[in-house]
Amino acid sequence: MGYKIAVVGATGNVGREMLNTLAERKFPAEEVFALASSRSIGRTVSYGDDDLTVQDAARFDFSQVDIALFSAGGSTAKTLAPKAAEAGCVVIDNSSYWRMEPGVPLVVPEVNGDALAGYAKKNIIANPNCSTIQMVMALKPLHDLQPIKRVVVSTYQSVSGAGRAAMDELFNQTRGIYVNDPPLKEQFTKQIAFNVIPHIDEFMDDGATREEWKMTAETRKILDPDVAVHATCVRVPVFVGHGEAVNIEFEMPVTVEEARKALKAFPGISVIDYRQDEGYVTPQEVAGEDSVFISRIRKDPSIPNALSLWCVSDNLRKGAALNAVQIAELLVSDYLPKK
């Protein structure tokens, strides 16, 4: 026997990746259900060597499954996740809706897996923002080495973080430029092809965007409420893979060698850091990879006790689907009844 799993939003970028990841990692699933909105009923999606027929998430009986992986947006998470949780199903939600809710664990298993101990309060677990996940993976071993005071991060986020239609917009705009078609803007506020846009999610009263607020608030909830974070989040014309330039100020000095050793020893991190041509990792190289890659580790001489580094990860894998599946793996390993 195994666990019964539902994937809500199974036709989207992250939902499909969740199904792929469950199959690749041989999750102990007895049965997997693919769920989506009524528009997708009857479509098929791949799960390993099998094809699953998509069912209507709104009409699905969640009492028949043990775990539901949600990647269907905040409005669906708001209405459907509590119903699934009340039916006895543990929800792992990839949207931003539940992340800062008291009593809902916000979890990156390698960083704060022990936070899952409180999952039963609401039967809902939140998957962090893709950019937050890869950054806290890099910060955790360094914070354990020497407490971090402040983090300043600039992100270079791929269009896949905004969904399939955003990827199509980048493709169509890029192709159109070569034949002199005017760029059609539907998913982004400005042309994304051959451009960068310092605007992800809506603007807030203080001038930050909600994406930048998420990175600050989520990092403090996951890692340490005393760590100050300042983020600038930028969309770039890359299909898959987020990059981050991270500046870290510590309470006491940390050498480059100490940081590199701590990062290399941390599960889920790969350090590729050579001070030569091609001695670093870029988003193009990490598509389909599970690790968070660290390069360009160096001293910041402008302030005391600071280092800078470059952090890259596949935002659909560790930034979303893989992290959710790892949460599910930890649940069945340490918290749910064995089957």
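Residues numbered from 1 in each chain as written. Predicted model: local features only at pLDDT ≥ 70, side-chain atom pairs only at ≥ 80, totals over all residues. Heavy atoms only, no water.

Student: Honestly, the environment of R296 in this entry has me stumped. Any pointers?
Tutor: For R296, the location among the structural elements is in strand 13 (residues 292–299). Here the alpha-carbon distance between R296 and G279, two residues 17 residues apart in the chain, equals 8.5 Å. For R296, the contacting residues outside a window of four places in its chain are D273, S308, L309 and W310. (Helix = DSSP H or I, 4+ residues; strand = E, 2+ residues; numbered from the N terminus. Contact = heavy atoms within 4.5 Å.)

Student: Would you mind showing me how to read the layout of surface pockets here?
Tutor: Using a probe with the size of a water molecule, rolled over the atoms, empty space left in the structure can be pinpointed. By volume, the largest pocket is sized at about 990 Å³. Along its surface, the largest pocket is lined by 40 residues, and S160, G161, A162, G163 and R235 are the ones closest to its centre. Elements supplying a minimum of two residues to the lining of the largest pocket: helix 1 (13–24), helix 5 (164–178), helix 6 (210–222) and helix 9 (317–334). A per-element tally of the lining of the largest pocket places helix 1 first, with three residues. In the lining of the largest pocket, the residues fall into 11 nonpolar, 22 polar and seven charged. Approximately 300 Å³ is the volume attributed to the second largest pocket. Considering the residues around the second largest pocket, the lining is formed by 18 residues, among which G9, A36, S37, A72 and T76 are closest to the centre. For the lining of the second largest pocket, the element with the most residues is helix 2 (residues 74–86), which contributes five residues. Partitioned by chemical class, the residues of the lining of the second largest pocket number six nonpolar, nine polar and three charged. (1 Å grid on protein atoms, 1.4 Å probe; cavity = no way out; pocket = protein on both sides within 12 Å on 5 of 7 lines; lining within 4 Å. Points joined across faces, edges and corners; volume = space filled by probe spheres on them. Nonpolar A, V, L, I, M, F, W, Y, C, P; charged D, E, K, R; others polar.)

Student: Can you walk me through unusual backbone geometry in this structure?
Tutor: With glycine set apart, most residues show a phi of negative sign, and most peptide bonds adopt trans. Positive phi, normally seen in glycine, also occurs at N180, with a value near 65°. Given the relative accessible area of 70%, N180 is considered exposed. (Buried < 20%, exposed > 50% of the residue type's maximum accessible area, 1.4 Å probe, protein only.)

Any functional reading would require information that these geometric values do not contain.
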